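Descriptive structure summary
Listed below are the residues making up each chain.
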Amino acid sequence: MISITILLIIVSAVAWVLHLVQPSTKFKRLGALIPGPKPYPLLGNIPNAGVDSKRINSVLSGIADKYGRTFRMFLGQDLMIFLSDPEDVEFILSKSKQLTKSRNSMIAGKPWIGEGLLIGPEDKWKMNRRRLLPAFHLKIIENFVPVFHKNSEKLIEEMSAFVDKGEVDITEPSAKFALRNICETAMGISLDSISDDDFYSKAVGELNAIFATKIFVPLFKNKLFYNLHPLGRREKQLLRYIDSITEKVIRSRRAECRKWDVEDGNDEHLAEGQRRRLIFLDLMLHIQKEDSSFTDQQIRDEVNTLMFAGHDTVSATTSFCLHLLSKHPEVQEKIYEEINAILGGSDRPPSLKDLQEMKYLEQVIKETLRMYSSVPMIGRCANADLQLKNGLIIPQNADIVLWLHRMHNDSQLYPNPSVFNPDNFSPENVQKRHPYSFLPFGGGSRDCIGMKYAYNELKVGLSNLARNFIFLPSETQTELYLITEIVLKTDSGIHVKIKRR
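Residues numbered from 1 in each chain as written. Predicted model: local features only at pLDDT ≥ 70, side-chain atom pairs only at ≥ 80, totals over all residues. Heavy atoms only, no water.

**Let's talk about helix α20 (residues 451–468)**
- Taking 1.5 Å of rise per residue, the 18 residues of α20 would be expected to cover 26 Å, and the 26 Å separating its terminal C-alpha atoms lies within 8% of that figure.
- Burial runs high along α20: 15 of the 18 residues are buried. (Helix = DSSP H or I, 4+ residues; strand = E, 2+ residues; numbered from the N terminus. Expected span 1.5 Å × (residues − 1). Buried < 20%, exposed > 50% of the residue type's maximum accessible area, 1.4 Å probe, protein only.)

**Focus: the UniProt feature "binding site: heme" (unreviewed entry) in the protein**
- The UniProt entry lists C448 under the feature "binding site: heme" (unreviewed entry), expressed in the numbering used here.
- Checked against the element boundaries, C448 lands in the loop between α19 (427–432) and α20.
- Filtering out sequence-adjacent residues up to four positions away, C448 remains in contact with R129 and F441. (UniProt positions renumbered as here; feature names shortened; annotations may be inferred. Contact = heavy atoms within 4.5 Å.)

**Side note on the side chain of T317**
- With respect to the element layout, T317 can be found in helix α14 (residues 296–326).
- Taking relative accessible area as the criterion, T317 reaches 4% and is therefore assigned buried.
- Contacts of T317, omitting those with residues within four sequence positions, involve T368, L369, S374 and L458.

**Considering the packing of aromatic side chains**
- For the structure shown, the criterion picks out 17 aromatic pairs.
- Their ring planes at 80° and their centres at 4.7 Å tell us that F199 and Y241 sit as a pair that is edge-to-face. Here F199, found in helix α10 (residues 197–215), pairs with Y241, found in helix α12 (residues 230–260); they are 42 residues apart in sequence, far enough to count as distant.
- Look at Y241 and you get buried, because its relative accessible area is 17%.
- Plain terms: the ring middles of F425 and F438 are 4.5 Å apart, the flat faces sit at 55° to each other, and that makes the pair tilted. Here F438 lies in the loop between α19 and α20 and F425 lies in the loop between α18 (404–408) and α19, a separation of 13 residues in the sequence.
- A network of ring pairs unites the aromatic residues F136, F144, F148, F280 and Y453 as a single cluster.
- Taking the ring centre of W403 as reference, the NZ or CZ of R406 above it sits at 5.7 Å.
- The ring of Y336 carries R501 above its face, with NZ or CZ at 4.0 Å from the centroid. (Phe/Tyr/Trp six-rings, centres within 6.5 Å; stacked < 30°, edge-to-face > 60°. Lys NZ or Arg CZ within 6 Å of the ring centre and 35° of its normal.)

**Concerning the sheet that holds strand β2 (residues 78–83)**
- Sheet architecture is open: five strands sit in the order β1-β2-β8-β5-β3, paired in mixed fashion. Two strands bound the open sheet, and with one partner strand each, they are β1 (70–75) and β3 (99–101). In this sheet, adjacent strand axes meet at a mean angle of 30° when their direction is disregarded.
- Two elements, β1 and β2, share six bridges in a ladder whose sense is antiparallel. Following the sheet pairing, R72 is matched in β2 by I81.
- In the packing of helix α5 (residues 86–93) onto the sheet, the strands contacted are β1, β2, β3, β5 (377–382) and β8 (399–403), and the crossing angle to β8 comes to about 130°. (Pairing = 2+ DSSP bridges. Axes fitted to C-alpha atoms, helices over the stretch in contact; angles between N-to-C directions.)

**A word on the confidence of the model for the protein**
- Chain-level pLDDT for the protein is 86 on average; 90% of the residues reach the 70-or-more range.
- A low-confidence stretch, residues 262–275 stays under pLDDT 50, and its non-local contacts, those more than four residues away or across chains, total 20 contacts. (pLDDT = per-residue confidence, 0-100.)

**Regarding the pattern of salt bridges**
- Counted according to the given criterion, the structure contains 27 salt bridges.
- Residue R300 pairs with E247 through a salt bridge whose shortest N-O separation is 2.9 Å. Linking R300 in helix α14 with E247 in helix α12, this pair joins segments that are 53 residues apart in sequence.
- Under the relative-accessibility criterion, R300 is labelled partly exposed at 22%. (Salt bridge = Lys/Arg side-chain N within 4 Å of Asp/Glu carboxyl O.)

**Describing the environment of N57**
- Mapped onto the fold, N57 is located in helix α4 (residues 53–67).
- Residue N57 is classed as buried on the basis of its relative accessible area, which comes to 11%.
- Separated by 431 residues in sequence, N57 and L488 place their C-alpha atoms 9.7 Å apart.
- A distance of 2.9 Å separates the side chain of N57 from the side chain of T484, its partner in a polar contact. (Polar contact = N/O pair within 3.5 Å; in protein donor to acceptor, adjacent residues only side chain to side chain.)

**So, unusual backbone geometry**
- Here the phi dihedral of N397 falls at roughly 80°; this positive angle occurs in a residue that is not glycine.
- Looking at where N397 falls in the secondary structure, it is placed in the loop between β7 (393–394) and β8.
- Within the chain, N416 stands out as a residue other than glycine whose phi angle is a positive 50°.
- Counting through the fold element by element, N416 comes out in the loop between α18 and α19.
- For N416, a relative accessible area of 57% puts it in the exposed group.

The structure is reproduced here in C-alpha cells:
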C-alpha cells in the first residue's frame with residue numbers, strides 16, 4: 001500500500017507540474033521569440049539544463065555559443081532570459097522600478113540568508129543599505145587594514161608549511177584568511193571562537209551548491225516536495241549548524257558591546273587610541289536599540305549574508321589569482337617590484353595609502369575577477385514588459401540572468417579573453433570599453449556594499465604573499481573545470497607549488 005507520505009509527494013509533484021505548464025499566451029509567445037533551445041513538452045528546457053550545478057556552466061556555455069549574447073530557457077513555466085551584452089546589462093540595471101531581485105534566487109536563498117542585502121525585497125533593501133552603509137566607510141576600512149595584515153601573517157605561516165613540498169590545494173588556507181577577516185572586522189570576534197571553522201567554510205560551500213541547484217529545478221519550489229527530498233533534508237541540517245554559529249556570533253558581540261557601552265555610543269572611558277568606530281554588527285545592534293522594527297531576524301539575515309558574501313568571494317578570488325600568478329612569473333615579479341618601490345624595501349605592514357598606490361596589483365586583481373568572476377551571474381525579475389535594443393521583449397514576470405562571467409570573457413570586449421593580461425585594466429584600455437563591461441561587484445543601485453572592503457583585503461593578502469613566496473604552476477592540474485554556483489568554484493580545488501622568495 002502506498003504510504004501517505006509518498007502519496008502526498010506524488011500529488012504535490014503533479015499539481016506543481018500542472019501549475020508550471022500553464023503560462024499565459026502572451027508570456028509564452030514573447031518568450032518563444034527570444035532565441036534558445038527548443039523546449040520539451042511539460043518540462044521546457046529542464047533536460048537541457050540538468051539538475052547538477054557542476055554541469056550548468058558547460059551546458060549554458062554551449063547554448064550561448066549557439067545562440068549568442070541573448071538567449072532564453074523555459075524551466076517548466078519559468079522563463080529565464082540570459083544577457084551578456086554590456087548595453088543590455090546597463091539597460092536592465094538602470095530599470096530599478098521595473099525590476100525586483102530574481103524570484104528564483106529569493107526562493108532558493110531565503111532559508112539561508114533571508115531578506116538580507118543580497119536578495120532582500122526592494123523596500124527592506126533600501127532601508128537597510130542606508131542604515132548599514134556607514135559601516136563600510138573608507139575611514140572604517142582604514143582601521144581594518146592592520147587586521148587584514150595580522151591575518152595575512154597567519155596565512156603566510158600556513159603557506160610556509162607547504163614550501164618545497166610539491167603541489168598543494170590553496171583553497172582552504174585562502175578561505176581561512178577571508179573568514180578570519182570577516183569575523184574580526186565585521187563581527188568583532190575571532191575565528192577561534194567558532195568551534196569548527198573548517199566545517200563552517202565547507203558548510204557555506206555546500207549551501208552554495210544547493211542554492212544554485214534549487215534555482216534550476218522548478219519542482220524544488222514546492223516546499224512539501226523539497227523538504228522531503230534528500231537535498232532539502234541536507235539543507236536543513238546545514239542551516240541548523242550555520243544558524244547556531246550566527247546566534248553565537250550575535251550573542252558574543254552583544255555582550256561585548258554592553259561591556260564597553262558601545263551601544264550607547266559611550267566610549268569616553270576609553271583612551272584616545274582605544275576608541276573604536278562601530279563595525280557592522282555593532283551598528284546593527286545600535287540600530288535595533290534605536291528602532292525596534294529592526295528585528296533579531298533581520299540581524300541574523302544580514303550576518304548570514306555578510307559571513308557568506310564576505311568570505312566566499314574573497315577566498316575564491318585569492319585562490320584564482322595565485323593560480324594565474326603561478327603561470328606568469330613575470331607578473332609576480334612586477335608586483336614584487338611595485339611593492340618594494342612603495343614600501344621602500346622594508347618589511348613594514350602596508351597602510352591604506354600604500355594600498356591605494358598599488359595600481360598594478362589592482363590591475364592584476366581586476367584581471368583575475370574578469371577571467372574568474374567570483375559572482376558569475378546576478379538575477380532580476382521583470383515587473384513589466386521591457387524591450388531590449390535588438391527589439392526583443394522581455395515579458396513581465398520573466399527572470400533575467402545577467403551572465404557577468406560570460407560578458408567578462410567576451411572576445412568582442414576583451415581581445416584574447418583566455419589570456420591573462422593585467423594591461424586590460426590600464427587606464428587607457430579601461431577608457432575604450434563600455435562602462436558596464438566589467439561588473440565584478442554588480443552594478444546599478446544594488447551593487448555590492450563591500451567593494452572597497454574586498455579590494456583592500458585582497459591587496460593586503462596578495463601583496464604580503466608576493467613579498468614572501470614565489471608560486472609555481474601545477475603539473476597535474478593543467479586546466480580548471482569551473483562550476484557555476486552562487487560563487488564560482490572549481491571541481492577539484494586549485495593547486496600550485498610554493499617556493500620561498
